[in-house]
Amino acid sequence: TKAKSCIGGFSLFQYVINENKGYELFRNGLCGESALEIFQEMKILQDQNQRAKNKLFSIVLSPNIEEGKQMTKKQLKELLKDYFLDLGFIPEKEQFLAFVHDEKKHIHIHVLMNRVQRNFQLHNDHFIGLRAQWSAHRTAEKFGLISAKQIRIDKIKEAEKKSVEKSLKTEIFKKHQQVLESKPLTLENYISRMYKLGISFIPSIALFFAKIQLR
């Protein structure tokens, strides 16, 4: 997911509201039909607050590719509503339009939301990108969907695990080389010296089988 506050020029509205790319999911507080009409309608409210430069939230919510293909319009709408609430937005009180782009394999929802509220106050945009990622993560968990953030967390953990394993192998090999340099006379002597360096061995029996081919 991606979220940011921006100026929100007309070109952004043209890109998002495009029937060649997909379809409108739902909206609130807007009655315009074209991208231009919706842009102008939002600007009426934005012009009432002159304190900020960035008066629009541009949000992209992207379900997992395979899960997104199987989700219905109703399911996408419910997912987005829950996402809004987790972010602290009440859909019935915000001025926004959500448009689904499904012309490519990866279905995603574009949201254009007025940052200026009906009381002319601005929504807080501090760390909106990070907040949006965590909201998407919690919403995905609630709906039993794959979370992009969880995938990243798992990848980091796996990378850390591999790094630890590599360091451990390197450390063991160094101690092995150190013991060999001392020229142990027997296997028991080798094991004893390795033990003193913090490396212990678990004895095991390896069985080897030979396959005989009869001619």
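Just so you know, these numbers come straight off a predicted model, no measurement behind them.

**Student:** What's the story with the confidence of the model for the protein chain in this structure? I'm lost.
**Tutor:** When pLDDT drops low, the exact placement of atoms in the prediction is not to be read closely. Averaged over all residues, the pLDDT of the protein chain equals 86, while 86% of them reach at least 70. Mean pLDDT per element in the protein chain: helix α6 (residues 148-181) is the minimum at 70, and strand β4 (residues 96-101) is the maximum at 98. Per-residue pLDDT stays below 50 along residues 209-215; that stretch engages in zero contacts with residues further than four places along the chain or on separate chains.

**Student:** Can you help me understand a nonpolar patch on the surface in this one?
**Tutor:** A contiguous nonpolar patch, built from Phe127, Leu130 and Trp134 and spanning about 350 Å² of accessible area, is present on the exposed surface. Looking at the element boundaries, Phe127 is found in the loop between β5 (108-114) and α5 (128-142). The class of Phe127 is exposed, set by a relative accessible area of 66%.

**Student:** Would you explain unusual backbone geometry in this entry?
**Tutor:** Residues other than glycine seldom take positive phi values, yet Phe127 does so here, at roughly 55°. Look at Lys183: it is not a glycine, yet its phi comes out positive at around 55°. For Lys183, a relative accessible area of 65% puts it in the exposed group.

**Student:** Explanation requested: the pattern of salt bridges in the structure shown.
**Tutor:** Taken as a whole and assessed by the stated rule, the structure comprises seven salt bridges. Lys21 is the partner of Glu103 in a salt bridge, and the nearest nitrogen-oxygen pair spans 3.7 Å. In this pair, Glu103 is assigned in the loop between β4 and β5 and Lys21 in the loop between α1 (10-16) and β2 (22-28), connecting sequence segments 82 residues apart. The class of Glu103 is partly exposed, set by a relative accessible area of 35%. Between Arg138 and Asp86 there is a salt bridge, with its nearest N and O atoms 2.7 Å apart. Separated by 52 residues along the polypeptide, Arg138 in helix α5 and Asp86 in helix α4 (residues 73-87) bring together distant segments of the chain.

Analysis parameters
- Residues numbered from 1 in each chain as written.
- Predicted model: local features only at pLDDT ≥ 70, side-chain atom pairs only at ≥ 80, totals over all residues.
- Heavy atoms only, no water.
- pLDDT = per-residue confidence, 0-100.
- Helix = DSSP H or I, 4+ residues; strand = E, 2+ residues; numbered from the N terminus.
- Contact = heavy atoms within 4.5 Å.
- Patch = residues over 30% accessible without salt bridge, like charges linked within 9 Å, V, L, I, M, F, W, Y side chains within 5 Å.
- Areas by Shrake-Rupley, 256 points an atom, 1.4 Å probe, with all protein chains shown as cover.
- Salt bridge = Lys/Arg side-chain N within 4 Å of Asp/Glu carboxyl O.
- Buried < 20%, exposed > 50% of the residue type's maximum accessible area, 1.4 Å probe, protein only.

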